[in-house]
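A look at the structure
One-letter residues, chain by chain:
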Amino acid sequence: GRVGFRTMGCLFSKEDKGSRYAVGGETEDGGDAAPARSQSSSKSEAKTEPLVAKPKLDPKDFIYMKRTGEKLVKAPGTVNGQQFVIDRCEDCEIYIMDECDSLMIDDCVRCKIVVGPTTGSIFVRDCSDCTCVFMCRQYRCRDCKDIDTHLHVTTRPIIETSTNMRFGCWDFHYEGLEAQMRSAGISEWQNFWSHIYNFNPDDATWSLMPPERTALAALEPLPDFSELKGVAEALADGARPPLCVRTLGERDSAPKEGCLILVPACDAHMAREICDMAHAAKVSLVRTNRCQLTEAWAVSFLEAGGAAFHAELCKGKAIGLEFGGEGCADAMRGVASSGGFPMLENPDQYAEWRYMGVEG
């Protein structure tokens, strides 16, 4: 469902770091976290089965604070959907290779930070000269400068009072990523990494990295973590990642000629094969999206584009693959036809599809 954006200034006051870091038991600053609420009455207690005590979480397991020159990793299964905090780290390489609830990054300098699927938001504040590789439902930054971010995000990335922010498409991978994405509800086909919203268009700057600049190149040499074994080899020489797809996005260099192929949920496995065939034909993948279509909208949309309506497109979330480049429609027409998938060839007509279902 829709994940609403919190008001930027109210999402964890920086003066309230004690409560921000509370996971259970005590806070990073040594104070007690808020106690659990007691049962409302003895009557309700009588009707309630005895509670099974959950393992007590140590807040320090979910915080990297005041680290300098270290290589730090949280392996799959060590965060398990908890909130994580990275605060006042310098010259560190930090890999959070697990599903997180949300992540706060404050006052970090010259760090490389990789974060796996995050069901909520990644919020970066007062950081500089960092390289980031993030996958999340929401991305926000405030008062940052000189940061490169390779991003997979299912909402519009938001920047505020930040300068020289550069964005690229997530093209990283590690063992266990697919299961984490499924658990977090993040699809490889829904990534709005380049659809930037700038709160301060007059005094904040941002740009999109050249398409050949990969996350691996930005992170290399990778730290010697067992969890990263084989990753550099798998992604060497700009190889496409085995799960997520690399798109051109909103770059100025994106081709004007294009076509859109729609794939129903029941044939989702075919989307990757179509992308493989496009790659072999040297056709660029510009955008992807995955969203629920209503029958009324789909009928009108397809008829306007000269394509036949397929009822299967409205059963589950349909995947759309937008390709671009000279001759792309000719190259992909046979691919779409052989699979029985509708293809539209007028970018102006199908443009409304691009951001359908975007959260936020």
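In what follows, the accompanying structure is described. (Residues numbered from 1 in each chain as written. Predicted model: local features only at pLDDT ≥ 70, side-chain atom pairs only at ≥ 80, totals over all residues. Heavy atoms only, no water.)

Geometry of an aromatic ring pair is reported as the spacing of the ring centres plus the angle between the planes. Evaluation of the coordinates by the stated rule reveals eight aromatic pairs. Ring geometry for Tyr-95 and Phe-225: centres 5.8 Å apart, planes at 80 degrees, overall edge-to-face. Here the residue Tyr-95 occupies a position in strand S4 (residues 93–96), and Phe-225 occupies one in the loop between helix H4 (215–219) and helix H5 (231–234), the gap between them amounting to 130 residues. We note that Tyr-95, like Phe-225, is buried. Seen in terms of ring centroids, Tyr-139 and Phe-167 are 5.8 Å apart; in terms of plane orientation they differ by 85 degrees. Their pairing is edge-to-face. With a gap of 28 residues between them, Tyr-139 in strand S7 (residues 128–142) and Phe-167 in strand S10 (residues 163–169) connect regions that are remote in the sequence. You'll find Tyr-139 and Phe-167 in the same group, each marked buried. Positioned above the aromatic ring of Phe-123, the side-chain terminus of Arg-125 is 5.2 Å from the ring centre. (Phe/Tyr/Trp six-rings, centres within 6.5 Å; stacked < 30°, edge-to-face > 60°. Helix = DSSP H or I, 4+ residues; strand = E, 2+ residues; numbered from the N terminus. Buried < 20%, exposed > 50% of the residue type's maximum accessible area, 1.4 Å probe, protein only. Lys NZ or Arg CZ within 6 Å of the ring centre and 35° of its normal.)

Here we take up the pairing of S4. Of the two faces of S4, the one holding Glu-93 and Tyr-95 and the one holding Ile-94 and Ile-96 are both buried throughout. One ladder, built from four bridges, connects strand S2 (residues 71–74) with S4; its direction is parallel. Residue pairing for S4: Lys-71 is matched across the bridge by Glu-93. (Pairing = 2+ DSSP bridges.)

All right, on to the pattern of salt bridges then. In a structure, side chains of opposite charge can pair up when their charged atoms sit close to one another. All told, the structure shown has 16 salt bridges when counted by the stated rule. Salt-bridge contacts for Arg-67 lead to Glu-70; the nearest nitrogen and oxygen are separated by 3.0 Å. Residue Arg-67 is classed as partly exposed on the basis of its relative accessible area, which comes to 25%. Residue Asp-87 is joined to Arg-88 by a salt bridge in which the shortest nitrogen-to-oxygen separation is 3.1 Å. With relative accessibility at 0%, the residue Asp-87 sits in the buried group. Three or more residues are tied together by salt bridges with common partners; here these are Glu-250, Arg-287, Glu-322 and Arg-354. (Salt bridge = Lys/Arg side-chain N within 4 Å of Asp/Glu carboxyl O.)

Attention shifts here to the layout of surface pockets. Approximately 620 Å³ is the volume found for the largest pocket. Elements represented by at least two residues in the lining of the largest pocket include exactly helix H3 (177–184), helix H6 (269–280), strand S14 (284–292) and strand S15 (317–324). Among the elements that make up the lining of the largest pocket, the one with the highest residue count is H3 (four residues). Of the residues in the lining of the largest pocket, the class split is 13 nonpolar, 10 polar and nine charged. Volume-wise, the second largest pocket comes out at about 400 Å³. As for the second largest pocket, its lining consists of 18 residues, of which Arg-246, His-279, Val-283, Ser-284 and Leu-285 are closest to the centre. Residue assignment for the lining of the second largest pocket shows that the elements contributing at least two residues are H6 and S14. (1 Å grid on protein atoms, 1.4 Å probe; cavity = no way out; pocket = protein on both sides within 12 Å on 5 of 7 lines; lining within 4 Å. Points joined across faces, edges and corners; volume = space filled by probe spheres on them. Nonpolar A, V, L, I, M, F, W, Y, C, P; charged D, E, K, R; others polar.)

Taken as a whole and assessed by the stated rule, the structure comprises four cavities of 30 Å³ or more. Size it by volume and the largest cavity reaches roughly 80 Å³. Taken together, the residues that form the lining of the largest cavity break down as four nonpolar, six polar and three charged. Of the pockets and cavities examined, the second largest cavity occupies roughly 40 Å³. Lining the second largest cavity are His-152, Glu-188, Asn-191, Cys-244, Val-245, Thr-247 and Thr-288. Grouping the constituent residues of the lining of the second largest cavity by class yields two nonpolar, four polar and one charged.

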